[in-house]
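One letter stands for each residue in the lines below.
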Amino acid sequence: MFYKALLGILLYAFGGCGTNETNERFRDPASTFRTYKHALERGDYELVWECYSTTQRNAEDRQAWLTRWRQKPAVEIKDQLRREIAQEQIINDHIGYLLFDASTLSDERASPFFYFIREADGWKITSHLDSTFHHELEQAIERGEYKLPEF
């Protein structure tokens, strides 16, 4: 009996029982973005909230954020849903980004990027201003894992 319980705990802790859904939804930046879009389509702002990194969620009161998202004009939601991925770039085990097709952005001022950071439960949307993301990017550049594009 003890061994069955131990096996159950190990399976749960290492991605067996109970965590596959979360792992699949946030498996990589593209999966997280698909989860984000699906949640927006359904008006599931609780799930949209889950798509963001801990840093992003900690920066704002959850209830205020949910209220603001529920009040967003439909055109803003449609602008997010129009976005199509042109490129997924996983820089290393910690950070990555999505580049969107410019023709699917609402206007030329819209950022063509979503930035991601990998957390315990998967890849989450963050900001290039996130200090952890910024630090990881600097480290990746120093280690030669990523080179900034030349303009």
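That block above? That's the structure.
If you're wondering where the values come from, they're calculated on a predicted model, not measured in any experiment. (Residues numbered from 1 in each chain as written. Predicted model: local features only at pLDDT ≥ 70, side-chain atom pairs only at ≥ 80, totals over all residues. Heavy atoms only, no water.)

Bringing the packing of helix 3 (residues 29–42) against helix 7 (residues 74–82) into the picture now. Running from N to C, helix 3 and helix 7 point in directions that differ by 150 degrees, and their axes come no closer than 10 Å. Put simply, helix 3 runs roughly antiparallel to helix 7. Between helix 3 and helix 7 lies a crossing whose hand is left-handed. For the pair helix 3 and helix 7, contact is made by Phe33, Tyr36, Lys37, Leu40 and Glu41 and by Ile77, Gln80 and Leu81, respectively. (Axes fitted to C-alpha atoms, helices over the stretch in contact; angles between N-to-C directions. Helix = DSSP H or I, 4+ residues; strand = E, 2+ residues; numbered from the N terminus. Parallel < 35°, antiparallel > 145°, perpendicular 65-115°, else oblique. Left-handed = near helix turned anticlockwise from the far one by under 90°. Contact = heavy atoms within 4.5 Å.)

Three or more residues of helix 6 (residues 62–70) are buried, namely Trp65, Leu66 and Trp69. Down the axis of helix 6, the buried set is contained in an arc of 100 degrees. They therefore lie on one face. On its buried side, helix 6 packs onto helix 3, helix 4 (45–51) and helix 7. N-capping of helix 6 is provided by aspartate 61, with a side-chain oxygen placed 3.3 Å from the backbone N of glutamine 63. (Buried < 20%, exposed > 50% of the residue type's maximum accessible area, 1.4 Å probe, protein only. Arc of directions from axis to C-beta. Polar contact = N/O pair within 3.5 Å; in protein donor to acceptor, adjacent residues only side chain to side chain.)

Here we come to the environment of arginine 82. The residue arginine 82 is located in helix 7 in this model. Along the chain, arginine 82 and leucine 105 lie 23 residues apart, while their C-alpha atoms are 7.1 Å from each other. Contact partners of arginine 82, with chain neighbours within four places excluded, come to Ser103, Thr104, Leu105 and Ser106.

Mapped onto the secondary structure, glutamine 80 falls in helix 7. Leave out the neighbours within four places in its chain, and glutamine 80 touches Phe33, Tyr36, Lys37, Leu40 and Phe114.

The next subject is the packing of aromatic side chains. Evaluated as defined, the whole model comprises 14 aromatic pairs. Taking the centre distance of 5.6 Å and the plane angle of 85 degrees together, the rings of phenylalanine 33 and phenylalanine 114 count as edge-to-face. With a gap of 81 residues between them, phenylalanine 33 in helix 3 and phenylalanine 114 in strand 3 (residues 113–119) connect regions that are remote in the sequence. Phenylalanine 114 matches phenylalanine 33 in its accessibility class, with the two residues each being buried. A connected cluster of aromatic rings, assembled from ring pairs, spans Phe33, Tyr36, Tyr45, Trp49, Tyr52, Trp65, Trp69, Phe100 and Phe114. The positively charged end of lysine 72 is found above the aromatic ring belonging to tryptophan 69, 4.7 Å away from the centroid. In this structure, lysine 124 is placed above the aromatic ring of phenylalanine 26, and the distance from its NZ or CZ to the ring centre is 4.3 Å. (Phe/Tyr/Trp six-rings, centres within 6.5 Å; stacked < 30°, edge-to-face > 60°. Lys NZ or Arg CZ within 6 Å of the ring centre and 35° of its normal.)

Where burial is concerned, most of strand 4 (residues 122–126) is hidden: five out of the five residues are buried. Pairing of strand 3 with strand 4 involves five bridges; the strand directions are antiparallel. Bridge pairing in strand 4 places tyrosine 115 opposite threonine 126. In sequence, strand 3 turns back onto strand 4 through a hairpin of two residues. (Pairing = 2+ DSSP bridges.)

With that settled, the discussion passes to the sheet that holds strand 2 (residues 95–100). Each strand in a sheet pairs with its neighbour through backbone hydrogen bonds, running either in the same direction (parallel) or in the opposite one (antiparallel). Across the sheet, which stays open at both edges, the four strands sit in the order 1-2-3-4 with antiparallel pairing between neighbours. Strands with a single pairing partner mark the edges of an open sheet, and in this sheet they are strand 1 (85–90) and strand 4. Across the sheet, the mean angle from the axis of one strand to that of its neighbour is 25 degrees, orientation sign disregarded.

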